[in-house]
Every structure is written in structure tokens, then in C-alpha cells.
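# Residue-level structural notes
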Amino acid sequence: MIKLNLTQRIWFSFIAIILMVGLLIGIIYPISLKSTLTEETYRIIEQEQARVMRPNGDYPAPATSEAEFLERREAARSVGHLVIGGNQLGRRFGDPVPTEVLVEMGQRAQDVERRGRYELTYNDATLFYVVFKSYRPEGEEYHITYMWDTYRDEMVNRLWSRLFYIMVMAGLLSLIPAFWLKNYLKVPLTSLGNHFEQIAERNWKEPFHWESDDDFEKLSNQFESMRQNLMKYDRAQRTFIQHASHELKTPIMVVKSYAQSVKDGILPRENIPSTMDVILEESERMEKRVKDMLYYTKLDSLKETTMEKVNFPFGSLAYQIRERFFVQREDVDIVVIGEKVNVYGDKEQIQILLENLVENALRYAETMIEISAEETEDKIILRVTNDGEKIPEKELEHLFAPFRKGNKGQFGLGLAIVKSIAELHKGESYVRNTDSGVCFSIHLPINNK
């Protein structure tokens, strides 16, 4: 396939349109014009025939020889007349015509009921004639008025030549809109291309908006939306790296310093077990943070893949999570409600969602955590409620943001993971203060297959 730039495509399109229109006109126009002028020729013949046929039977002066019959061909609108009749249908009056022409006219005349249009070819030219049947005391007679194709052919050639010049002029004049269209299309696309180059170089601070027709304006708005998303993604990525490096820096330094102390023998032997406990604790915290970061990053890639969604009873996850976290705080009672409600989704991801919510609730709950599921007309609502202290109102809208930690938060990715999983299931995440504590709720559509 030939590769063409924008300018070449515009010129190619204009030339193709002109050639296609010219080809269609060149084929259809002469046929249509010839048919129209043939009809006009017959109309002239009939008008002339009606004019010369007088009630008293007089006719115009006839030609004197067959040579004059052929000379009429040189006159564009010359009309000839003759009358034939009798038993042998011989010429009774009018122009002398060649015998073979007269014979053919006579044969056609016998088929006429009142008036008929005919044509014949003589000396490589077309002769149009109209036969009118009349009745006289002497018997039937046929008034024949004829005209050569000279007028029709001259008009076809004349109009066709004029049309050719018009097409040439139109083709030349079309260069003006072609130049205008080239610039009209190229300017915004060139500007857009320059902005794409800037984005390729990670320079996306300059906004782009093109005020023009709806199509270009829509394109510029889509580009601007893409630029904003890239900036948002870049900021999130930078923030992620900064927070990740900060969060991992502390446990790494603790592990490194304690390990170095053990190696150098600075600590007494009786403190080595407690030192090892600190190293293990910090290692576990670091492992948990790394896993959260990897899983949070993995959720972005899951947006492009198909999840393994199934129907499962809420209790199959809720009771398992209760047993897992119950031993962490035996002073907190974990209650499950709505265990028979069917949930449709990726079971592994829903489990991680609930685990993060319960783990978060354990840090704040005083005596009770409630895990519940409720089915409404169009959605499933999952709730995790605790009776701990309320969250300041100014913090509520930012609570699901990455690395946003409360006063007892550990890493700030747990609730961000909850929000991402909810969005992957086409759901929404909410948090609100209640009379007795804080309630986190996840709204999942029932029909989200």
C-alpha cells in the first residue's frame, strides 16, 4: 500500500473526485444529451409538419432534385416534406428522395395508425422523419416530414465542448479550496503533533485547546483529557516512589543497624534474642509493605484483563476472615451478618478487600467489629463497621487515597487497594461516621458480568 502524507492525500482525493466526476459526465452526459436532442429534433419536425399542413391542401415548394435532398444535410435545421399515397405508395408531392429511402418510408407508413416517429440510416447519416396519415377523396395519403441528424450532432458537440471547458475551469478553480483544505487540516494536526512530541519527551505542562469546528474541538478535548491523566499518573507515580522509598527506608535502617550491632558484638549476649525479634518484626513489616505495593501495582494491570468472577455466599469469606483475625485481638468481638447473601466477583480480590477493611478496623475498634452484606434491588452492599473513634470530617474524602494514613495507620495502601478492587468490580467505596463509630461500605452492582 502506497504511503502518502496529508498533503498528498488531499491532492489525491481532489484529483480522484475530479476524474470520477469527469468520467461519469463523459459517459452519461453525451447519452443523455443525445437522447434529449433527438426528442427536440422530432419536436421541430412535428411543429414544422403542423405548420405546412394547411386545410386547403397547399404545400410549400418542393425540391427539384435528389441532390437537394442530400444538400439539406448541410443545413442544421432544414426540414423537408413529401406526400406519398396510392396503391404503390409512390411520391405524389414534395421533395424527390432516393428510391431506397422512399421504399423504406412507404413500408413504415403502412404501420402508422395516425402519426409515427421513425429514423433510418442513409450515407452513414441518420434521417429522422415523422409520418402523418390523412384521408382524401383519392384515398389514404401519408405526409412525411424529415430532418437530418446534423442539428442534433452539432448541438451535442457544441454543448460537450462547452462542458469540457467548464470542467477544466472547475478543476483549476478547485485548486483554491484544495490549498485551503490542506492548510485547514494541517495546521491543527501539526499543532497536535508538536504536543505529542512534547509528551513523548515527558513535557506535558503546556495545555492544548483548539477552538474550531466540533470535530477538531472534540479531538483537542480528548488530547487535553489524556494530558491531564498523564500528569495525574506521573504525580501519583512520583508520590508512590517517594512514599515507598520513605516507608522502606526506616525498616531497612533498623534491620541494618541491629544486624551490624550483633556482628560487631556491641550488644550483650542476653539482648540478642530481643534484637532478633526486632529484626524479624521489621522484616515482616517490610515484607508486608512490599507485598502491598506489588499488589497495588498489579491492580492497574488487572484493568486490562478478564477477572475470574463467580457467585459465592458472603459467609464463605466472612467467617474465614473472622477466624483469622479473631486471635489478634481477643477483646474485640467480630460479628458476621448476611452470610447467605450471594456475591458476584473475583473471590480472591473480594477476600483481600475485606481483609484490608477488617485489619484497618482492628486498629481502631474498642469492643466490636461487624462484617455484613445486604442485597438491594440493584446492588450488593458490603459493610465493615467498628465502634472506635470517629474520623475527622476533613479526612473522610481523602481516606482512600494512596499513602493516606490515619493516626494509627501503618502504610497507607490498604484502603487504596480496597478502592481499586471496588472499581475493578464496577463498584464504589464509601466511609462515614455513625453514632457508634465508623462504617466502611462497598457498593457492588448485581449485574456486573
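By convention here, each chain's residues receive numbers from 1 onward along its written sequence. In keeping with the predicted nature of the model, local features appear solely for residues at pLDDT of at least 70, side-chain atom pairs appear and are counted solely at 80 or more, and the whole-chain, interface and lining totals rest on all residues. Side-chain figures throughout are based on the complete set of non-hydrogen atoms in the structure, without hydrogens or water.

## Comments concerning the packing of helix α8 (residues 315-326) against helix α9 (residues 347-362)
Keep this limit in mind: Between the N-to-C directions of two axes lies an angle of 0 to 180 degrees, each axis being a line fitted to C-alpha atoms and, for a helix, fitted only over the stretch in contact. Under the scheme used here, helices are H or I runs from DSSP no shorter than 4 residues and strands are E runs no shorter than 2 residues, and both carry numbers assigned from the N terminus. Angle categories are assigned with fixed cut-offs, so that under 35 degrees is roughly parallel, over 145 is roughly antiparallel, 65 to 115 is roughly perpendicular, and the rest are oblique. Crossings are assigned a handedness: left-handed for a near helix turned anticlockwise from the far helix by less than a right angle, right-handed for a clockwise turn. By definition in these notes, contact holds between two residues if any of their heavy atoms fall within 4.5 Å. Throughout this entry, Asp, Glu, Lys and Arg are counted as charged residues, while Ala, Val, Leu, Ile, Met, Phe, Trp, Tyr, Cys and Pro are counted as nonpolar. The remaining residues, Gly among them, count as polar.
Running from N to C, α8 and α9 cross one another at 40°; their axes reach a closest spacing of 10 Å. In this view, α8 runs oblique relative to α9, as classed from their interaxial angle. For the pair α8 and α9, the sense of crossing is right-handed. Residue-level contacts link Ser316, Leu317, Gln320, Ile321, Arg324 and Phe325 of α8 to Lys347, Ile350, Gln351, Leu354, Glu355, Val358, Glu359 and Leu362 of α9. Among the residues forming the contact of α8 with α9, the class breakdown is seven nonpolar, three polar and four charged.

## A closer look at unusual backbone geometry
Test applied: Per-residue accessibility, obtained with a 1.4 Å probe over protein chains only, is compared with the maximum for each type, and a residue is labelled buried under 20%, exposed over 50%, and partly exposed between these values.
Phi at Asp124 is positive, roughly 60°, even though this residue is not glycine. Mapping Asp124 onto the fold places it in the loop between β3 (115-122) and β4 (125-136). Positive phi, normally seen in glycine, also occurs at Lys426, with a value near 60°. Position of Lys426 relative to the elements: it lies in the loop between α11 (414-424) and β11 (428-433). The exposure class of Lys426 is exposed, given its relative accessible area of 61%.

## Focus on the side chain of Arg152
Positionally, Arg152 belongs in helix α4 (residues 150-173). We classify Arg152 as buried; its relative accessible area is 9%.

## Notes on the sheet that holds β11
For clarity, the cut-off: Any two strands between which DSSP finds at least two bridges are classified as paired.
Ordered in space as β7-β9-β10-β12-β11, the five strands form an open sheet in which the pairing is mixed. Among the strands making up the open sheet, the edge pair consists of β7 (333-337) and β11. Neighbouring strand axes in the sheet, compared pairwise and without regard to direction, differ in orientation by 15° on average. Sheet topology places β7 next to strand β9 (residues 368-375); five bridges connect them, and they run parallel. Residue pairing across strands places Ile334 opposite Ile369, the latter belonging to β9. Those strands touched by α9 are β9, β10 (379-386) and β12 (438-445), and its axis lies near 25° from that of β10. The sheet strands contacting α11 are β11 and β12, and the helix crosses β12 at an angle near 25°.

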